Each structure stands twice: as structure tokens, then as C-alpha cells.
Amino acid sequence: MKTKRNKRLEEKGDYGMEFKESEIGLIRYVHENDYNYLVLLEPQMEVNYKLQMIEKNHVKGILETHYLILDETIHIKYNISSKVSLKHFLEKRKIDEKWFFNIMGSILDAVEELNLYLLDSNQLLLNQNFIFINIESEELEFCYLPYAEGDFVSSFQALVQELLQNVEYADQQTVECMYALNTWCSKGIFSIKDLKGYIQGLQKKEEPIEETTIGKEASIKNSSKEVTEEFIKSSGNKRKYV
């Protein structure tokens, strides 16, 4: 439900901009001084140490972040210059083995960097609309939202399920790896260490690929595309990201 304040911000903005609703709140894309920013409105009265930490330090894998306070609302600005969202990127190409491990490795690297600064990985936004790719360097960067009430495990599981829809069906090995990862992480709570070890095992092709349980006669090896499509249909409504 929109509050009167959010409705006013959505219609006018606090400094002449128009904001719109998104999965994470009111946002706006802005071009300022040759830079492009994603601006998020956060109706918090206080700036916490996590936001200050992100702004003052260049945390590898996290988008350059700034903030300002206007009308008792924090405007968090993420620098997305020369980048496109993962969602937009995957509208034009499919996930092959290279990009699968690039995405997974980038997530793990970002979490390890956050740990170095004692920042909560549950507040890493694992949403395709808020993961950005530098096309030239092929590096991924993430939004970190200090006020998010998230859960890394649930967000990661949801992201993997979303990515299954964009897999390159002709790349059988990648389909096998993605389905195996989805099966593994859907079993319950896991640690970052366990996740890293499992993904490294897939990359080294040391981890045996489990057969699908969608049907007795169906297996990943027999038809990667059919199995993936059946899995997507059986998934039902997907969980929203934090």
C-alpha cells in the first residue's frame, strides 16, 4: 500500500524527478554530470554505518554508492554508468558455461568482500534488475541496500530459478550444471563456504550431475531443453527478490 508520502514522491520526486515503484521501493534513473545513476528512495530517518561504509570504501563487486538526505528521506545513488542490468543483458543472449560461472563467481566474490567489511550479505540485492554488467570488462556489480530485510539463501535460490529460463539449451553441460545447482540449493539452508565448494566442483566437473526427478523417463542428458522447460512450468509463482 502506498503512503501519502510515497505517492507524492512517485508523482513529483523530491528534487524535480519522477519516481516509480519497483521490487525494492521507489526508484529513478538519472543522468547527472555525464554519469548515470539508479536512485532509490529509502524512508529512513537515520544513516546507518553500513551505508557510510559502502560510500566511503570501494567494495569490490558493489556498485559505487552515494547518498543524500532530502525531506527526511535518504536518496541512495548507485553509479551505473557504462553498465546494463543483467535482466536487459539476458534479453539479448543466453547463458552459456562462461557466463554461468561468471555470474556465480561474481556473487561469491561480492559476498567475500562484504565479509571483509563486516557487512551483511543478506542485504545484497540478487535481483536481475539490480545486478549490472560492464559490457567491455564483463564484470558484474551489485546493489547493496543496508536497510533491506533479506535472506541470501532465498534470494539466491530465486535467482537460480530465474536464470534457468535464460540458459543456452544447446549447451548441455551448462544446463546440467544449472539444474544440479538448483537441485542442490533448493534442499535447504547452506553456507557460503558450501556454496563456493559446490560451484567449484561443478566448474572442475568433479561433481556428479543428478538426474531430474520431473519424470522417470526424462533426464538432463536425454533432452536439456525439455527438462528445463518442464522444470520452469512446474516451478509455479516465483519468489520475489529482496
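## Brief notes about the pairing of strand E2 (residues 25–32)
Then, in step 1: Where strand E1 (residues 20–22) and E2 come together, three bridges link them in antiparallel fashion. By the bridge assignment for E2, Ser-22 is matched with Gly-25.
Then, in step 2: Between E1 and E2, which pair antiparallel one after the other, the connecting turn spans two residues.
Then, in step 3: Relative to strand E3 (residues 35–42), E2 runs antiparallel, the two sharing six bridges. If you follow Val-30 over to E3, its bridge partner there is Tyr-37.
Then, in step 4: Where E2 folds back on E3, the antiparallel hairpin that results is connected by two residues, among which Asn-33 adopts a positive phi of roughly 50°.

## As for the sheet that holds strand E8 (residues 139–142)
Then, in step 1: Reading across the sheet, the three strands line up as E6-E7-E8 and stay open at both edges, with antiparallel pairing between neighbours. Looking at the sheet topology across the chains shown, the edges are occupied by strand E6 (83–85) and E8. Sheet twist, expressed as the average angle between the axes of neighbouring strands with direction ignored, equals 35°.
Then, in step 2: Pairing of strand E7 (residues 131–134) with E8 involves four bridges; the strand directions are antiparallel. Bridging from a neighbouring strand, Phe-132 pairs with Glu-141 of E8.
Then, in step 3: Packed onto the sheet, helix H4 (residues 97–116) meets E7 and E8 and runs at close to 45° relative to E8.

## With respect to the pattern of salt bridges
Then, in step 1: According to the stated counting rule, one finds five salt bridges in the structure shown.
Then, in step 2: Between Lys-77 and Glu-32 there is a salt bridge, and its shortest N-O distance comes to 2.8 Å. Here Lys-77 is found in strand E5 (residues 73–79), whereas its partner Glu-32 is found in strand E2, with 45 residues between them in sequence.
Then, in step 3: Taking relative accessible area as the criterion, Glu-32 reaches 24% and is therefore assigned partly exposed.
Then, in step 4: A salt bridge links Glu-141 to Lys-83; the shortest N-O distance between them is 3.5 Å. With Glu-141 in strand E8 and Lys-83 in strand E6, the pair connects residues that are 58 residues apart, well separated along the chain.
Then, in step 5: By relative accessible area, Glu-141 is classed as buried at 14%.
Then, in step 6: Note on Lys-83: relative accessible area 21%, which makes it partly exposed.

Rules behind the numbers
- Residues numbered from 1 in each chain as written.
- Predicted model: local features only at pLDDT ≥ 70, side-chain atom pairs only at ≥ 80, totals over all residues.
- Heavy atoms only, no water.
- Pairing = 2+ DSSP bridges.
- Helix = DSSP H or I, 4+ residues; strand = E, 2+ residues; numbered from the N terminus.
- Axes fitted to C-alpha atoms, helices over the stretch in contact; angles between N-to-C directions.
- Contact = heavy atoms within 4.5 Å.
- Salt bridge = Lys/Arg side-chain N within 4 Å of Asp/Glu carboxyl O.
- Buried < 20%, exposed > 50% of the residue type's maximum accessible area, 1.4 Å probe, protein only.

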